[in-house]
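Chain by chain, the residues run as shown.
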Amino acid sequence: MEFMTAQETYTVSASTMILEPRIEDGGLTGTIIHEKGRLPFAVDMKPMEIMEHSCLYYFSSYEGRKTSSRFLTSFSHKPPIVVDPISDIYFFSTHSDSNKKNYWIALNHVVSMEKNDDLSNETTLTLSGDRTITLPISRRATHLQYLKASVLSLKLHQNINEIREKSEDTYKSRLNKKRFGFAEYLDRIEHADHERINPDDGGDSDFKRPIK
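Criteria and cut-off values
Residues numbered from 1 in each chain as written. Predicted model: local features only at pLDDT ≥ 70, side-chain atom pairs only at ≥ 80, totals over all residues. Heavy atoms only, no water. Buried < 20%, exposed > 50% of the residue type's maximum accessible area, 1.4 Å probe, protein only. Helix = DSSP H or I, 4+ residues; strand = E, 2+ residues; numbered from the N terminus. Arc of directions from axis to C-beta. Contact = heavy atoms within 4.5 Å. Polar contact = N/O pair within 3.5 Å; in protein donor to acceptor, adjacent residues only side chain to side chain. Axes fitted to C-alpha atoms, helices over the stretch in contact; angles between N-to-C directions. Parallel < 35°, antiparallel > 145°, perpendicular 65-115°, else oblique. Nonpolar A, V, L, I, M, F, W, Y, C, P; charged D, E, K, R; others polar. Phe/Tyr/Trp six-rings, centres within 6.5 Å; stacked < 30°, edge-to-face > 60°. Pairing = 2+ DSSP bridges. pLDDT = per-residue confidence, 0-100.

Points about helix α1 (residues 47-57)
Next, step 1: Listed as buried for α1 are Pro47, Met48, Ile50, Met51, Ser54 and Cys55. Looking down the long axis of α1, one finds its buried residues gathered within 155 degrees of arc, a one-sided arrangement. Exposed and facing more than 90 degrees away from the buried side of α1 are Leu56 and Tyr57.
Next, step 2: Phe59 sits one or two positions beyond α1 and adopts a positive phi of about 70 degrees.

Here you go:
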């Protein structure tokens, strides 16, 4: 495979879509980086080395992120990883992190996933920018890993909101204002529905939902 460039080191960013293991003559020699809006390029670092380096770059360790993920989600097998919660950089893996064939996939860049055929144990993944790549893992397993990463993202955002609500008065006020506004919005919808289904008031007589 031809690559646009080759470099020695790499740090994951919000543009990173996939860390693909580069295997030559049966051995893991580095990583093929897939970024949004850029041709794939090779890096001498192995995928796990990139993940460990990137977690340190964003003020943590890989093992620390892994432990936190297990704590928040209770997923002990192939847990997803948040590389940087501020930039919403979440990754999930196709295999164990010790497997040389393991891919790391960015949650926010996944558009769709399709199995190749009924006999194939492969998945075609569509990423941001209409980029596609074939993974050596079933669609069911890929989707499960995707859901795990989604749960981690949800849990972490809930925790951040709780922390900010307890510590920042202005954030708490804004949050309460949003909740009140949303409640008002739902109330207006409910009243509009009642008016719409009442024929005596010129409503839509074909609108069959019952009035509560």
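Read on, since the account is not over.
A few points about the environment of Asp97
Next, step 1: Following the sequence through the fold, Asp97 ends up in the loop between β6 (89-93) and β7 (104-106).
Next, step 2: For the pair Asp97 and Pro79, spaced 18 residues apart in the sequence, the C-alpha separation amounts to 9.5 Å.
Next, step 3: With residues up to four places along the chain from it excluded, the contact list for Asp97 reads Met48, Tyr62, Lys66, Asn102 and Trp104.
Next, step 4: A distance of 2.7 Å separates the side chain of Asp97 from the side chain of Tyr62, its partner in a polar contact.
Next, step 5: A polar contact of 2.8 Å, which involves the side chain of Asp97, links it to the side chain of Lys66.

A closer look at the packing of helix α2 (residues 62-73) against helix α3 (residues 139-167)
Next, step 1: For the pair α2 and α3, interaxial distance at closest approach is 10 Å and the crossing angle is 85 degrees. One element, α2, and the other, α3, form an angle in the roughly perpendicular class. Across from Ser69, Leu72 and Thr73 in α2, the residues of α3 making contact are Val151, Leu152, Lys155, Leu156 and Asn159.
Next, step 2: Across the contact of α2 with α3, the residue classes tally to four nonpolar, three polar and one charged.

Regarding the packing of aromatic side chains
In this description, a pair of aromatic rings is defined by centroid distance and the angle of the planes.
Next, step 1: Enumeration over the complete set of coordinates arrives at four aromatic pairs.
Next, step 2: Where Phe92 meets Tyr146, the ring centres are 6.2 Å apart and the plane angle is 85 degrees; that geometry is what we call edge-to-face. You can see Phe92 sitting in strand β6 and its partner Tyr146 sitting in helix α3, a full 54 residues away along the chain.
Next, step 3: Look at Phe92 and you get buried, because its relative accessible area is 1%.

A word on the sheet that holds strand β10 (residues 131-135)
Next, step 1: Taking strand neighbours across the sheet as the criterion, the three strands line up as β8-β9-β10 in an open arrangement whose pairing is antiparallel. Single-partner strands in this sheet number two, and they are β8 (110-115) and β10. Averaged over all adjacent pairs, the angle separating strand axes in this sheet is 20 degrees, with direction ignored.
Next, step 2: The sheet contact formed by β8 and strand β9 (residues 123-127) spans five bridges and is antiparallel. Residue Ser112 lies in a different strand from β9, and its bridge partner there is Thr126.
Next, step 3: Its contacts with the sheet put α3 on β8, β9 and β10, and the angle it makes with β8 is roughly 155 degrees.

Concerning the confidence of the model for the protein
Next, step 1: When pLDDT is averaged across the protein, the result is 84; 76% of the residues are at 70 or more.
Next, step 2: Contacts for the low-pLDDT stretch residues 196-212, under 50 throughout, to residues beyond four places or in other chains number 14 contacts.

Here's the deal with the side chain of Thr73
Next, step 1: Within the secondary structure, Thr73 is located in helix α2.
Next, step 2: Residue classification places Thr73 among the buried residues on the basis of a relative accessible area of 9%.
Next, step 3: In this structure the side chain of Thr73 is engaged in a polar contact, spanning 2.7 Å, whose partner is the backbone oxygen of Ser69.
Next, step 4: Reaching out from Thr73, the side chain makes a polar contact with the backbone nitrogen of Phe75 at a distance of 3.2 Å.
Next, step 5: With residues near it in sequence (within four places) discarded, Thr73 still touches Val151 and Leu152.

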